[in-house]
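What the coordinates show
Each chain, letter by letter, is given below.
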Amino acid sequence: MAKDHSGSPKLYQLESKRRRISWIVGVSGLCILFYIVGAWQNGRRGGSPSSQSEVYTRVGCENHHADMSSSSSLSVSMDFESHHQLVVNNSKSSENFAPCDMSYSEYTPCQEPQRGRKFDRNMLKYRERHCPSKEELLRCLIPAPPNYKIPFKWPQSRDYAWFANIPHKELSIEKAVQNWVQVEGDRLRFPGGGTMFPHGADAYIDDISELVPLTSGTIRTAIDTGCGVASWGAYLLKRDIVAMSFAPRDTHEAQVWFALERGVPAMIGVMGSQRLPYPARAFDMAHCSRCLIPWSKYGGLYLIEVDRVLRPGGYWVLSGPPIRWKTYWRGWERTKEDLKKEQDAIEETARQLCWNKVIEKGDLSVWQKPLNHIKCIKNKSPYICKSGNADAAWYQDMEACITPLPEVTNSDEVAGGALEKWPERAFAIPPRISSGSIQSITIDKFKEDNQVWNERMSYYKRLIGLLPQGRYRNVMDANAYLGGFAAALSKYPVWVMNVVPAKNDPETLGVIYERGFIGTYNDWCEAFSTYPRTYDLIHAGGLISLYQDRCDITYILLEMDRILRPEGTVIFRDVVEVLVKIKSIADGMRWQSRIVDHESGPFNPEKILIAVKTYWTAEAKRE
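Report on the accompanying structure. (Residues numbered from 1 in each chain as written. Predicted model: local features only at pLDDT ≥ 70, side-chain atom pairs only at ≥ 80, totals over all residues. Heavy atoms only, no water.)

**Some details on the overall build of the protein chain**
Regarding its fold elements, the protein chain presents 19 helices and 17 strands. Buried positions account for 54% of the 623 residues belonging to the protein chain. Sequence separation of 24 or more characterises 70% of the internal contacts of the protein chain that already satisfy a separation of 6 or more. (Helix = DSSP H or I, 4+ residues; strand = E, 2+ residues; numbered from the N terminus. Buried < 20%, exposed > 50% of the residue type's maximum accessible area, 1.4 Å probe, protein only. Contact = heavy atoms within 4.5 Å.)

Below, the structure is given as structure tokens:
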């Protein structure tokens, strides 16, 4: 007799499969539920830290500054390690970096006077960038002076700095009559004076505003050549104009350093034999106030370079010699003939550049660059360059010919495209993108990048929520791409130095300037053109991956340590393997750091490393 079965084998198998699927769905549902609850609880604890101490707490760091208040009990669990079975800190393999000698406290690797003296003085070549060889690179930490204090917050910092941070009195003595800087006890005060504006930079800018439309939003980016202590740039900021101020490291000690210490954009630079490290058509206005640049020499080469970086329709403002020479020639200790000859040469160079002289009034003279080169071409100007990359500006020699502008169809069209007024300009489609001149970047990519940065900034506010409080002022985006980070920060009291790696593809610095922000090129295998302790926050998205096969990344991190202020913060975005390398080096640099998950969650392969430079100084000398 056949064996009796309780049911059909097919029905039994179907029921078994049904139970198995139900079990899987149930377990999956519980996992999702617990993940959501965990994320919600984490979000409840994710308010912005109210002090620098809480930034330490957020990244799992101890407070190393004795004067700092105790950390808040508020803390966020950044559970990268719980999601990844990876050792992120192996102290046995970390190199501990000792402090450099105190004599290096003001070290500027590529602008050291002693090295510069070996080079030709012709065209100020000895003041250009001359970086140390691999054998000369320092493998130590640049120390802050013994009495270093955290700088004043903006906007108070515009007018005051701690003398202990930059212990130089030379300018207060040499320029005492002109009110560049004054020493008042333990502070330096900056009254806003200048050689050509005895009534202060504010009044001087008001005079310019009568000749140039400074308040309409059409002028946003400016360049100040030979800037002194950058008072002109400092007082333009309240008019929503951001200036790139530069001056060489010369006998006027620390002038660029004074600017940066006060929270004013500036960098070490000189008009010598090479192009300025900015793209073509970058600035809406250029300025020289007795900047001592020999505009009439070398066939007008320096004015030709100003033309390269000036936008179509942009203005050049000149005050000081030789303007109004009939009044000032005795005080300038030059002959009438010499000064007249210089002004005639400037006027002739401006004519060859097809510039229009707008006005000469009082101590000011203003020229305007044409919207396009139609008239220049009709006049068969022999000075227009025939070829070459107008944006190429990293160790690129100046050219004694006019940089050609993009072609237009009529004489009223702005070459390269018209820009929106500020502040709409920050998020409007840049002409270099809308025209398709950067083939790999479309309008959709630009819009997507802006959206990405909105999400990232919300996350950063949770990680380092001191942005609205003035704790960060000088910010650097070390791999700026389209300037999305700067745009997302535009509502906060900060300014951003957007750095585009030199000779990178695509070349995007021109886009950043079209958005109304400033920046420069730099090869991160070399030092940046600034003094030590001049930035509060550095953002480095993908930078180390970009350079890890080009040079030793240890020196990139040591350079960041040099330019970062004590208690400053660095944000790295990269793949885990690279961040582990960074953390291993950072641990030996007295940085406190921790790797956290991407803002989209633990499944994104890109992670974030938040690092804080701890407060420490050189030891005071014993008497």
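And the narrative resumes.
**What about the pairing of strand β12 (residues 495-501)?**
Along β12, seven of the seven residues are buried, which leaves the element largely enclosed by surrounding structure. The alternating pattern of β12 places W495, M497, V499 and P501 on one face and V496, N498 and V500 on the opposite face, and all of these are buried. Relative to β12, strand β11 (residues 474-477) is paired through four bridges, and the arrangement is parallel. Following the sheet pairing, D477 is matched in β12 by N498. Pairing of β12 with strand β13 (residues 519-522), which is carried by four bridges, proceeds in the parallel orientation. Bridged to N498 within β13 is G519. (Pairing = 2+ DSSP bridges.)

**Focus on the sheet that holds strand β2 (residues 182-184)**
What the three strands build is an open sheet, ordered β1-β3-β2; its pairing is antiparallel. Each end of this open sheet is capped by a strand with a single partner; those strands are β1 (160-162) and β2. Put simply, the sheet's adjacent strands are angled 30° from each other on average, direction ignored. Where β1 and strand β3 (residues 187-189) come together, three bridges link them in antiparallel fashion. By the bridge assignment for β3, A161 is matched with L188. (Axes fitted to C-alpha atoms, helices over the stretch in contact; angles between N-to-C directions.)

**Here we look at helix α11 (residues 336-352)**
Its 17 residues place the ends of α11 24 Å apart at the C-alpha level, agreeing with the 24 Å of an ideal helix rising 1.5 Å per residue. Three or more residues of α11 are buried, namely L339, E342, Q343, I346, T349 and A350. Mapping the buried residues of α11 onto a view down its axis gives an arc of 125°, with all of them on the same face. In α11, the exposed positions that point more than 90 degrees away from the buried face belong to E337, K341 and R351. Buried residues along α11 sit against α9 (301-309), β8 (310-319), α10 (325-328), β9 (356-361) and β10 (364-368). Among the residues trailing α11, C354 stands out with phi positive, at a value near 70°. (Expected span 1.5 Å × (residues − 1). Arc of directions from axis to C-beta.)

**Considerations on the layout of surface pockets**
Roughly 510 Å³ of volume is contained in the second largest pocket. In terms of lining, the second largest pocket is formed by 24 residues, of which the most central are L137, C525, E526, A527 and Y555. The residue makeup of the lining of the second largest pocket, split by class, is 16 nonpolar, one polar and seven charged. (1 Å grid on protein atoms, 1.4 Å probe; cavity = no way out; pocket = protein on both sides within 12 Å on 5 of 7 lines; lining within 4 Å. Points joined across faces, edges and corners; volume = space filled by probe spheres on them. Nonpolar A, V, L, I, M, F, W, Y, C, P; charged D, E, K, R; others polar.)

**Considering the environment of P430**
Checked against the element boundaries, P430 lands in the loop between α12 (374-378) and α13 (431-434). Given the relative accessible area of 1%, P430 is considered buried. Expressed as a C-alpha distance, the spacing of P430 and G510, which sit 80 residues apart in the sequence, is 9.1 Å. Excluding its chain neighbours within four sequence positions, the residues that come into contact with P430 are F446, V511, E514 and R515.

**Quick look at the nonpolar core**
As a rule of thumb, nonpolar side chains are buried together in soluble globular proteins. Formed by 153 residues in total, the largest nonpolar core has its most connected members in V212, Y278, W295, W316, M560 and F572. With seven residues, helix α19 (residues 576-587) is the largest single contributor of residues to this core. Those residues within four positions of F572 in sequence are excluded, and the remaining contacts are A540, I544, L557, M560, L579, I582, W591, K607, I608 and L609. Core analysis: the next-biggest nonpolar cluster, separate from the first, contains six residues, I433, I441, F446 and V511 among them. (Core = buried A, V, L, I, M, F, W, Y, C linked by side-chain atoms within 4.5 Å.)

**Here's the deal with the pattern of salt bridges**
For the coordinates displayed, the defined rule picks out 36 salt bridges. Here D284 and R311 are joined by a salt bridge, their closest N and O atoms 4.0 Å apart. A residue pair is termed long-range when its members are at least 10 positions apart, and D284 in strand β7 (residues 283-289) and R311 in strand β8 qualify at 27 residues. A relative accessible area of 6% places D284 in the buried class. Note on R311: relative accessible area 5%, which makes it buried. (Salt bridge = Lys/Arg side-chain N within 4 Å of Asp/Glu carboxyl O.)

**Examining the side chain of T225**
Here T225 is to be found in strand β4 (residues 221-225). Within the local environment of T225, its side chain forms a polar contact with the backbone oxygen of H287, the two atoms lying 3.1 Å apart. The residues touching T225, leaving out its near neighbours within four places in the chain, are F246, M271, H287, C288, C291, I293 and W295. (Polar contact = N/O pair within 3.5 Å; in protein donor to acceptor, adjacent residues only side chain to side chain.)

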